[in-house]
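Summary of the model geometry
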Amino acid sequence: MPGPRKFFEEFVRRSYEDFRASPSDEYLAKMAVANANDMAERMLHAFAGTPRVFRLCVGQETKYREKLAQDCEAFGIVRDVAEGHKHFRLTRRPESRRVSSSEQTGTRPIQFVNNAREPINFVNNAGQKLTFVTNVIVELDDGTTRPLLPLVEEVVAMWNRLSR
């Protein structure tokens with residue numbers, strides 16, 4: 001099993017770079033958030049009981065993730081998106097949870113309109129209607145939306161710094 005730095009380079013950074021290259025690809029988004037969230041466990045197992053992981057030990061993964069979420073809001077959201085994808089609906093941690101369901105993360109269709117506010121439809125050379133979508137976004141429980149890519153980018157930067 002690779003140590004945290006190796007895991008960071010081989011999985012966290014790589015999945016983030018793939019997502020960054022295709023920011024509307026929901027599969028790549030989910031891989032990036034899953035790996036960014038999994039990195040916490042790698043850090044805790046490698047540095048258990050040290051100041052590097054707030055002197056927490058193996059078995060205290062939830063406490064470690066909660067401390068990270070307090071220090072880095074983006075990590076808290078990324079963690080919730082990853083857990084929502086894994087479990088579909090989240091029921092634990094209602095006081096600190098920002099996202100409660102996998103349905104809160106994804107793309108949305110973009111509808112273009114003309115000056116008269118009428119929809120404009122685009123078709124390709126074969127006459128097929130083209131659909132445009134946003135980059136992957138996350139709707140927080142408070143109703144606000146955030147683009148997911150900058151959140152993942154912030155978490156990747158945190159792991160890059162902490163895993164050295």
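Provided above is the structure to which this section pertains.
As the structure is a prediction and not an experimental result, all values here were calculated from the model.

Looking now at the sheet that holds strand 1 (residues 105–106). With antiparallel pairing, the 3 strands of this open sheet are ordered in space as 1-8-9. Both outer strands of the open sheet, strand 1 and strand 9 (145–147), are each paired with one neighbouring strand and no more. In this sheet, strand 9 lies alongside strand 8 (residues 137–139) in antiparallel orientation, the contact comprising 3 bridges. Bridge pairing links Glu139 to Thr145 in strand 9.

Looking now at the pattern of salt bridges. Overall, the coordinates contain 14 salt bridges when judged by the stated rule. For the salt bridge of Asp71 with Lys67, the shortest nitrogen-to-oxygen distance reads 3.3 Å. With Asp71 and Lys67 both in helix 3 (residues 61–71) and 4 residues apart, the pair spans about one turn of that helix. In this structure, Arg93 and Glu83 form a salt bridge, with 2.9 Å as the shortest nitrogen-oxygen distance. A residue pair is termed long-range when its members are at least 10 positions apart, and Arg93 in the loop between helix 4 (73–87) and strand 1 and Glu83 in helix 4 qualify at 10 residues. Since its relative accessible area comes to 13%, Arg93 is described here as buried. When salt bridges with common partners are traced through the structure, they connect Glu66, Arg79, Asp80, Glu83 and Arg93 into a single cluster.

On to unusual backbone geometry. With glycine set apart, most residues show a phi of negative sign, and most peptide bonds adopt trans. Even without a glycine there, the phi angle at Phe88 is positive, about 75 degrees. Relative to the helices and strands, Phe88 resides in the loop between helix 4 and strand 1. A positive phi angle, close to 60 degrees, is found at Arg93, a residue other than glycine.

What counts as what
Residues numbered from 1 in each chain as written. Predicted model: local features only at pLDDT ≥ 70, side-chain atom pairs only at ≥ 80, totals over all residues. Heavy atoms only, no water. Pairing = 2+ DSSP bridges. Helix = DSSP H or I, 4+ residues; strand = E, 2+ residues; numbered from the N terminus. Salt bridge = Lys/Arg side-chain N within 4 Å of Asp/Glu carboxyl O. Buried < 20%, exposed > 50% of the residue type's maximum accessible area, 1.4 Å probe, protein only.

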